[in-house]
Amino acid sequence: MSYSTADSLLPVTLDDVRGAQKMLSGVARVTALEGSRHLSQMVGAPVHLKCENLQRTGSFKLRGAYVRIAGLLPEERAAGVVAASAGNHAQGVALASALLGVRSTVFMPKGAPLPKVSATRDYGAEVRLHGQVVDETLAAAQEYAAETGAVFIHPFDHPDIIAGQGTVGLEILEQCPEARTIVVGIGGGGLAAGIAVSVKALRPDMKIIGVQAAGAAAYPPSLAAGRPVSVGNPATMADGIKVGRPGDVPFGIVGELVDEVRTVSEDELSAALLLCLERAKLVVEPAGASPVAALLSRPGSFEGPVVAVLSGGNVDPVLMQRVLRHGMAAQGRYLAVRLRLTDRPGALATLLGVLSVVDANVLDVSHVRTDPRLGLTEAEVELHLETKGPAHCAEVGQALREAGYTVMG
């Protein structure tokens with residue numbers, strides 16, 4: 001695939017991205033590019049992690065928000081800006097506005113994680129909680145813009161936003177000029193589109209692979225239809241890429257320049273987040289871990305060297321706990337079993353002794369004695385165990401069966 005900014009009809013050019021890079025000098029960090037020996041061994045080629053989770057505000061969103069707001073006319077700045085977001089875009093708009101001296105109002109869903117709400121306020125925005133889902137929040141923000149004259153800052157569907165996000169691509173080319181493949185998560189498409197514009201203009205041989213959560217994958221059917229189409233009720237833990245419809249502006253760029261869009265499962269996202277934490281010592285949110293999930297899903301299908309863009313690290317601690325446990329289960333390192341035993345003194349201690357012999361770490365025990373399903377002398381026990389992998393899980397199950405227990409799940 002070849003691409004030249006000179007004759008491009010695309011709404012964002014390499015010159016736009018280079019202009020954004022100059023604008024962001026001293027504002028956005030040039031984030032680190034870290035090698036991963038573990039992923040390199042899996043893929044069979046060098047793998048590097050572009051750490052936008054270490055960007056100011058914890059994600060790449062500051063780049064596009066700053067470029068968009070900096071480009072407003074004086075009278076537009078005076079009217080203030082408004083945005084709608086569950087987290088990353090909210091913080092990017094809040095900090096960018098504060099740096100530029102522009103008043104900002106951010107609408108967030110009522111169920112938005114408290115750390116993200118607090119961070120957005122701390123960056124200087126007025127936060128208004130409205131609606132249960134982002135679509136309701138978005139409608140409220142657009143209504144506010146119409147009533148007050150504030151400029152609505154879209155999270156991905158604007159050329160300035162895409163140009164700002166494209167600076168990630170320029171940094172990758174400077175930091176890893178030998179790279180052959182870039183893997184990036186896709187929600188609305190702003191980051192992937194921006195990277196594609198900057199990279200393909202300078203390295204048309206570079207492969208760019210987008211990644212979506214399987215439960216919120218609007219790009220594959222949209223690309224097949226040749227136009228943005230909506231997917232109903234997108235569902236994924238990766239709220240950063242939980243978008244039901246591609247943006248009109250990034251869609252054309254992604255369709256023209258992105259080589260492939262893949263999907264990953266929730267189990268793969270969990271395993272990727274766990275790997276980033278354990279192996280790379282990096283806190284990454286599920287959306288940010290989606291490129292790593294793609295590497296785990298089909299490790300032999302990438303031409304290296306590979307750069308995986310970790311787009312954000314703003315993960316709610318409660319969700320982190322759940323996702324880590326999910327990731328451990330996906331890797332066979334967490335096992336939940338339910339069984340029945342005779343309700344007599346010492347029965348539970350005997351059971352725990354069996355688990356001790358096979359070196360299974362007991363995380364939690366639930367002991368039920370009163371249930372219509374149980375016999376008069378029966379009790380039901382549910383155990384949550386930390387194990388060492390699938391083979392160890394099988395060993396634990398075998399030990400319980402040999403000890404005379406009936407394992408029900």
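Our structure is the block above this text.
Residues numbered from 1 in each chain as written. Predicted model: local features only at pLDDT ≥ 70, side-chain atom pairs only at ≥ 80, totals over all residues. Heavy atoms only, no water.

Draft legend 1. Structural view of the environment of arginine 180. Residue placement: arginine 180 occurs in the loop between helix H9 (167–175) and strand E7 (181–185). Arginine 180 gets classed as partly exposed once you look at its relative accessible area, which sits at 27%. Residues arginine 180 and alanine 308, spaced 128 residues apart in sequence, show a C-alpha to C-alpha distance of 11 Å. Apart from residues lying up to four places away in sequence, arginine 180 is in contact with Arg203, Asp205, Met206, Lys207, Glu303, Gly304 and Pro305. A polar side-chain atom of arginine 180 sits 2.6 Å from a polar atom in the side chain of aspartate 205. (Helix = DSSP H or I, 4+ residues; strand = E, 2+ residues; numbered from the N terminus. Buried < 20%, exposed > 50% of the residue type's maximum accessible area, 1.4 Å probe, protein only. Contact = heavy atoms within 4.5 Å. Polar contact = N/O pair within 3.5 Å; in protein donor to acceptor, adjacent residues only side chain to side chain.)

Draft legend 2. Main features of helix H17 (residues 390–402). An ideal rise of 1.5 Å per residue puts 18 Å on 13 residues; H17 measures up with 18 Å between its terminal C-alpha atoms. Among all positions in H17, only His392, Cys393, Val396, Gly397, Ala399 and Leu400 are buried. Here the buried residues of H17 occupy an arc of 160° about the axis, which is enough to place them on one side. Counted as exposed and oriented over 90 degrees from the buried face of H17: Pro390, Ala391 and Glu402. Elements that come into contact with the buried residues of H17 comprise strand E11 (334–342), helix H16 (347–357) and strand E13 (378–386). (Expected span 1.5 Å × (residues − 1). Arc of directions from axis to C-beta.)

Draft legend 3. Local environment of the pairing of strand E2 (residues 47–51). Within E2, five of the five residues are buried, which leaves the element mostly enclosed by the surrounding structure. Residues Val47, Leu49 and Cys51 line one face of E2 and the alternating positions His48 and Lys50 line the opposite face, and both faces are buried. In terms of strand pairing, strand E1 (residues 33–35) meets E2 through three bridges, oriented antiparallel. Within the sheet, the bridge partner assigned to glutamate 34 lies in E2 and is leucine 49. The pairing of E2 with strand E10 (residues 306–310) spans five bridges and is parallel. Across the sheet, the residue bridging to leucine 49 is alanine 308, located in E10. (Pairing = 2+ DSSP bridges.)

Draft legend 4. Expanded view of helix H3 (residues 61–70). H3 sits mainly inside the fold: 10 of its 10 residues count as buried. Of the residues making up H3, those classed as buried are Lys61, Leu62, Arg63, Gly64, Ala65, Tyr66, Val67, Arg68, Ile69 and Ala70.

Draft legend 5. Up close: the pattern of salt bridges. By the definition in use, this model includes 13 salt bridges. Linking lysine 50 and glutamate 171 is a salt bridge whose minimum nitrogen-to-oxygen distance equals 2.7 Å. In this pair, lysine 50 sits in strand E2 while glutamate 171 sits in helix H9, placing the two residues 121 residues apart along the sequence. Of the two residues examined, lysine 50 and glutamate 171, each falls in the buried class. (Salt bridge = Lys/Arg side-chain N within 4 Å of Asp/Glu carboxyl O.)

Draft legend 6. How the structure looks around the packing of aromatic side chains. All chains considered together, the criterion is met by two aromatic pairs. The ring of phenylalanine 302 has arginine 262 lying over it, and the distance from NZ or CZ to the ring centre is 4.5 Å. (Phe/Tyr/Trp six-rings, centres within 6.5 Å; stacked < 30°, edge-to-face > 60°. Lys NZ or Arg CZ within 6 Å of the ring centre and 35° of its normal.)

Draft legend 7. Broad picture of the packing of H3 against helix H5 (residues 88–100). Contact geometry of H3 with H5 gives a least axis separation of 8 Å together with a crossing angle of 45°. Taken together, the axes of H3 and H5 are oblique relative to one another. Crossing of H3 against H5: the hand is right-handed. When H3 is examined against H5, the residues Lys61, Leu62, Ala65, Tyr66, Ile69 and Ala70 are found in contact with a partner set consisting of Asn88, His89, Gly92, Val93, Leu95, Ala96, Ser97, Leu99 and Leu100. By residue class, the composition of the contact of H3 with H5 is 10 nonpolar, four polar and one charged. (Axes fitted to C-alpha atoms, helices over the stretch in contact; angles between N-to-C directions. Parallel < 35°, antiparallel > 145°, perpendicular 65-115°, else oblique. Left-handed = near helix turned anticlockwise from the far one by under 90°. Nonpolar A, V, L, I, M, F, W, Y, C, P; charged D, E, K, R; others polar.)

None of this, on its own, says anything about what the molecule does.
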